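# Architecture at a glance
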Amino acid sequence: MFNKVLIANRGEIAVRILRACRELGLKTVAVYSEADRQAMHVRYATEAYLLGPAPSNESYLKGDKIIEIALQSGAGAIHPGYGFLAERADFAQAVEDAGLEFIGPKPSAIAAMGDKAIARETMMKAGVSVVPGTEGTGNLSDEELLKLAPEIGFPLLIKATAGGGGKGMREVKSLDEMPVALQSARREAKAAFGDDNVYLEKLILGARHIEVQIVADKHGNVVHLNERECSLQRRHQKLLEESPSPIMDEELRAKMGEVAVQAAKAVHYESAGTIECLVDSDKNFYFLEMNTRLQVEHPITELVTGVDIVKEQIRIARGRKLSFTQADVKINGAAIECRVNAEDPYNNFMPSTGKISHMVLPTGPGIRVDTGVYAGFEITPYYDSMISKLIVWGETRAQAILRMRRALEEYKIVGVRTNIPFHQAMMDSHRFMGGQFDTRFVEEEFSLEEIAEGKETFPEVAAIIAALVTHDQTERAAHVVRRGDRDTSNWKWLSRWERLSK
Amino acid sequence: MKYATTIDGKEYIVEIIDERHVSVDGKVIEVDFESIEEQPVFSLIVDGKSYESYVYRTEEDLEVLVKGRLYHAQVEDERERRLRAASGGAVAQSGPFQLKAPMPGLVVAVPVSEGQEVKEGDVLLILESMKMQNELKSPRDGVVGRIHVGAGDSVEQRQKMLSVE
């Protein structure tokens, strides 16, 4: 059984895993790129080794080098975190082949869930409904797509195979519209991704993105830890998550939980994993995909269930049985997570780089901050823009929202722009408070300006501050020039003057 | 010293009387103003009300963040004002627009070519940073001038990439 763990990641998640290892009394090995020499995960670990230059493919994606470092340092296990190598079946296999423990599922489970077509087929066999569509069935021609469309049903979406960010995406209401829509979608996809392949997917109206966390041990025990509501997204990036979901009822929760457990069993899953679903306004749910790794938003589940998911992953990897059963899993209160990104919400969420010159973290009751940055740390363009996660717990959802408002106000990050004002506006949004939103809410209906409308504004205060700041800077510039005039201190000067005049 | 401060289009005349007093459009207000730890964070107390603000200086203006709302401020002192009035009030509005990199990154594509006419809002360049592709758009109608970068180039922050004339 291993007692030293290599963490093949960086940033907040590396720090999160290090903390779990420390609490379990395990030694830790960090790996880092040249850009991360001063990062928190390097300083927190028992040992740290350089991987290579800043770009991910020369550092955090170098699986061979990471395995070599694990072997040389005597680490018995590798935790991949999320992103980078976390969902690469070949890496998990190589770790196993090197005689090391991969803290995650078996390579076969990663592979099965990583291939869209296989994943959908596996789910359908396990009796789980999937979003009707042609994804994963290869590249189809216009004729084939037109023939398949009525089977899927309208309205439907044409999506770019290589896509993302809504590029090459078209909403189609009827078969008549389809030929034109196909052409323009292909043209846009070609321009954006150099690949004009598209697939069809049924458009689920008013869909919410809800996922179920599961944990499974090596002895066949699978337990679900309830759901997370992740509908608030922008360009398919989650921004804010909460647990439980405001639309969930006991019946649906039990049903979705049961399906998630079935899905995990179908691929002989081990460790922590997540089944992502779309839930329509009639509370029908459809399987989207399974994430075979720890998720960014795992802390909200930890706060409401009391289960430390990372520690559980490590225990499972060490061959232990789950320390609890389904009946032990309860929901205590409500938790919300805001992803704090180095992005300017006033400028189309443009990434912001630079040195964090000043930072004050929110503290006090019910607050948790998972972060990998500190004042003095440089945010580089090489990695993800997420710099920290602010997670709060409340007795009820309303209490959690009030607490999140308070925490966001306390959180000061200076030096780079952050999306904190976006989250503050979200906490003030009536739609959010009422729990009435779907996956399109942020992009299509939410606006910072609208939330601000009708609120008290302080243009005079802003005018005074702007004038005072400008004045101070002019004064200081003048002062610097004048300083040489009398470079001894005023006190010394005064006493000399007094002596002279005696 | 008097400053003409424009906040989101509305002008306020702010006079700094002494360390503790300013006037806004002639109305004298007692203020207590502190810069926090040499940071662009400021604390202002007016009439017992406490305001905390972040102030960012951009190329065009000051951005003042107060209570979760961002205000765009242009500040001119009297001298600047007189100079501008003397020069016939011609604000330097014309001249080519220089598209500079808002952050370090990798140029993914330049969908325009030199001499091409563009409209306000047209995408001039796609820049990748932090795993995200960002479309940089033209702030006005015009003709694309020199293009200094191409797809695949790495750029530093504020590096000139192309101009619109």
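Remember, it's a predicted structure, so these values are computed and weren't measured experimentally.

About the thresholds
- Residues numbered from 1 in each chain as written.
- Chains lettered and ligands numbered in written order.
- Predicted model: local features only at pLDDT ≥ 70, side-chain atom pairs only at ≥ 80, totals over all residues.
- Heavy atoms only, no water.
- Helix = DSSP H or I, 4+ residues; strand = E, 2+ residues; numbered from the N terminus.
- Contact = heavy atoms within 4.5 Å.
- Domains from an automatic or database assignment.
- Buried area = accessible area lost by both parts, 1.4 Å probe.
- Salt bridge = Lys/Arg side-chain N within 4 Å of Asp/Glu carboxyl O.
- Polar contact = N/O pair within 3.5 Å; in protein donor to acceptor, adjacent residues only side chain to side chain.
- Nonpolar A, V, L, I, M, F, W, Y, C, P; charged D, E, K, R; others polar.
- Disulfide = S-S within 2.5 Å.
- Buried < 20%, exposed > 50% of the residue type's maximum accessible area, 1.4 Å probe, protein only.
- Expected span 1.5 Å × (residues − 1).
- Core = buried A, V, L, I, M, F, W, Y, C linked by side-chain atoms within 4.5 Å.

This part covers the overall build of chain A. Along the backbone of chain A there are 18 helices and 22 strands. Counting only C-alpha atoms, chain A reaches 105 × 60 × 45 Å along its principal axes. Contacts in chain A between residues at least 24 apart in sequence constitute 66% of all its contacts with a sequence separation of at least 6.

Residues and elements named next belong to chain A. By domain assignment, chain A separates into domain 1 (4-103), domain 2 (132-202), domain 3 (209-320), domain 4 (333-457) and domain 5 (459-500). At the junction of the two partners, domain 1 supplies 20 residues and domain 4 supplies 13 residues. Of the roughly 1200 Å² buried between domain 1 and domain 4, counting both surfaces, carbon and sulfur atoms make up 56%. Together, R10, E12 and M40 form the three largest contributors to the area buried by domain 1 at its contact with domain 4, with a combined 40%. Of the charged contacts, one joins E12 and K389 as a salt bridge, the two residues approaching to 3.0 Å between their closest N and O atoms. Counting across the domain 1 and domain 4 interface gives five residue pairs in polar contact (both at pLDDT 80 or more). Elements represented by at least two residues in the side of domain 1 that touches domain 4 include exactly helix 1 (11-23) and helix 2 (40-44). Here the element with the most residues in the side of domain 1 that touches domain 4 is helix 1; it accounts for five residues. Its residues placed into classes, the side of domain 1 that touches domain 4 shows nine nonpolar, five polar and six charged.

Residues and elements named next belong to chain A. Of note, the amide linkage connecting F154 to P155 takes the cis form, showing an omega dihedral of -5 degrees. Structurally, P155 is set in the loop between helix 7 (142-152) and strand 6 (156-160). In this chain, S243 is followed by P244 through a cis amide linkage whose omega measures -5 degrees. Checked against the element boundaries, P244 lands in the loop between strand 11 (237-243) and helix 9 (250-266). You will see that H236, though not glycine, has its phi angle at about 65 degrees, which is positive. Mapped onto the fold, H236 is located in the loop between strand 10 (222-234) and strand 11.

A covalent bond between the sulfur atoms of two cysteines is what we call a disulfide. All names here are of chain A. Applying the stated criterion to the full structure yields zero disulfides over all chains. Cysteine C277 is unpaired, with the sulfur of C230 as its nearest cysteine sulfur at 11 Å. Here C277 falls in the buried class, since its relative accessible area comes to 2%.

Bringing helix 8 (residues 178-193) of chain A into the picture now. Residues and elements named next belong to chain A. Between its first and last C-alpha, helix 8 extends 21 Å over 16 residues, near the 22 Å set by a 1.5 Å rise per residue. Along helix 8, the residues that are buried comprise M178, A181, L182, S184, A185, R186 and A189. The inward-facing, buried residues of helix 8 contact helix 7, strand 6, strand 7 (170-172) and strand 8 (198-202).

Here we take up the nonpolar core. By size, the foremost hydrophobic cluster in this structure holds 68 residues, and its most contacted members are L6(A) and I78(A). Those residues in contact with L6(A), other than ones at most four positions away along the chain, are V29(A), V31(A), I66(A), I69(A), A70(A), A75(A), A77(A), I78(A) and H79(A).

Glancing now at the pattern of salt bridges. Any two side chains of opposite charge can pair, on the condition that their charged atoms come close. All names here are of chain A. Tallied over the entire structure, the rule returns 42 salt bridges over all chains. Among the ionic pairs, E171 bridges to R440, the shortest N-O distance being 3.1 Å. Here R440 lies in the loop between helix 14 (430-433) and helix 15 (441-445) and E171 lies in strand 7, a separation of 269 residues in the sequence. R440 gets classed as partly exposed once you look at its relative accessible area, which sits at 30%. The shortest N-O distance in the salt bridge between R368 and D370 comes to 3.0 Å. We note that R368, like D370, is buried.

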